[in-house]
Amino acid sequence: MESREHLGYSYEQILQVVKFLKLVVPNFKPLVGVICGSGLGPLADSLSDKIEVPYEDIPLFPASTVVGHGGKLVFGTVGGVPVICMKGRFHAYEGYPLWKVVMPVRVMRLMGVEYLIVTNAAGGIPSSMNVGDIMIIKDHVNMMGMGGQNPLRGPNIEEFGPRFPAMNKTYDRALVKAGLKIAESLGMEDMTHEGVYGCVGGPNYETIAELLMLQSCGVDSVGMSTAHEVIAAGHCGMKVFGFSLITNKAILDYDSSEVPNHEEVIAAAKAKEAKLQGFTEAMIKHMGSLKNAGPPSMCSCGGRR
Ligand SMILES: O=P(O)(O)O[C@H]1O[C@H](CO)[C@@H](O)[C@H]1O
């Protein structure tokens, strides 16, 4: 057989990472995984009984290189629900292949995670979205994936899921609806939207023409992450809930004097820290209550675990 380029860790390699983490946190089976977006690391700070493990201590883990991404796994609980947080995610533009970007998602799955909360900082395209608003993600347009850059590219690992996973149910509808209700119950309804996330490769921010194209494709928030993690999570049968924090408004006007930058992204995240912590905690508790009400029917993507 012709050899293929190296396209990822084997199932056994990922199991080795899981074995290592199980030694660090014996008897801990997380139900919920959280991926903290740019500047959103404080989402992990409110966990009780925290155990923090720096990425550099974990076999095969890449390093976090982006400002606003901490670089540790945080284990703990929220209202008694066991949680694992990635305080710092990986991006393709850092130079990582997508199979490496999503490796922690697969690790989370093998640790026991059933619900994944993905968060990101993003530019908001509709004029109704303001800096500091959140957008609950109902779907995504994966510009990188459509160009053939996909975390599942390469030999399929059957233990995780099928060769051709469906994606139309990956953002769990019931969780989207629960998220909207929870936002309302927290008095956040005026700052909460539902929409479509667009994933671009970065690291440059978009040109005006690119933003206009994304807008015409139905994209509401734009960023350089998330879609890959969601694909890997859907592939291995996790239920996914995601939200964007709108950290900047997409600039669609050629005469605007504004210029997007990462400093404003981090500042916008800092300004909403407490609200987003409260919202995420409420979502985690909701997921815990779903689990107590009965086992979630995992997506039908056929993952064998
Ligand atoms: O998607 P997260 O990691 O939240 O970060 C977003 O913010 C950075 C740009 O400011 C990019 O990495 C973009 O993807």
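Structure: above.
What counts and how
- Residues numbered from 1 in each chain as written.
- Predicted model: local features only at pLDDT ≥ 70, side-chain atom pairs only at ≥ 80, totals over all residues.
- Heavy atoms only, no water.
- Phe/Tyr/Trp six-rings, centres within 6.5 Å; stacked < 30°, edge-to-face > 60°.
- Helix = DSSP H or I, 4+ residues; strand = E, 2+ residues; numbered from the N terminus.
- Buried < 20%, exposed > 50% of the residue type's maximum accessible area, 1.4 Å probe, protein only.
- Expected span 1.5 Å × (residues − 1).
- Arc of directions from axis to C-beta.
- Polar contact = N/O pair within 3.5 Å; in protein donor to acceptor, adjacent residues only side chain to side chain.

### Quick look at the packing of aromatic side chains
The description of an aromatic ring pair rests on the distance of the ring centres and on the angle between the ring planes. Scanning the entire structure with this criterion turns up 9 aromatic pairs. Between Phe28 and Phe75 the ring centres are 5.7 Å apart and the planes differ by 90°, which places this aromatic pair in the edge-to-face class. Within this pair, whereas Phe28 is found in the loop between α1 (11-24) and β1 (32-35), its partner Phe75 is found in strand β3 (residues 72-78), the two being separated by 47 residues in sequence. Residue class for Phe75 comes out buried when judged on its relative accessible area of 1%. Between the aromatic rings of Phe241 and Phe279, the centroid separation amounts to 6.1 Å while the plane-to-plane angle is 50°, which identifies the pairing as tilted. Of the two residues, Phe241 sits in strand β9 (residues 239-249) while Phe279 sits in helix α9 (residues 273-292), which places them 38 residues apart along the sequence.

### Observations regarding helix α5 (residues 173-185)
Because each turn of an α-helix spans 3.6 residues, side chains separated by three or four positions end up pointing in the same direction. For α5, spanning 13 residues, the distance from its first C-alpha to its last is 18 Å, which sits close to the expected 18 Å at 1.5 Å a residue. Of the positions making up α5, those classed as buried are Leu175, Val176, Ala178, Gly179, Ile182 and Ala183. Around the axis of α5, the buried residues are gathered within 165° of arc, so they sit on the same side. Summarising the geometry of α5, the exposed residues directed more than 90 degrees from the buried face are Ala174, Lys177, Lys181, Glu184 and Ser185. Residue Asp172 occupies the N-cap position of α5, its side-chain oxygen lying 3.3 Å from the main-chain nitrogen of Ala174. With its phi angle positive at about 75°, Gly187 sits one or two positions after the end of α5.

### Focus on the environment of His235
With respect to the secondary-structure elements, His235 resides in helix α7 (residues 227-235). Residues His235 and Tyr254, spaced 19 residues apart in sequence, show a C-alpha to C-alpha distance of 40 Å. Within polar-contact distance, the side chain of His235 engages the side chain of Arg106 at 3.5 Å. Separated by 2.9 Å, the side chain of His235 and the backbone oxygen of Pro162 make a polar contact.

### Re the environment of Ala92
One can find Ala92 in the loop between β4 (81-87) and α2 (98-101). Each C-alpha atom, one on Ala92 and one on His228, is 9.4 Å from the other, the two residues being 136 residues apart in sequence.

From the geometry alone we can't say anything about function, so treat these as descriptive.
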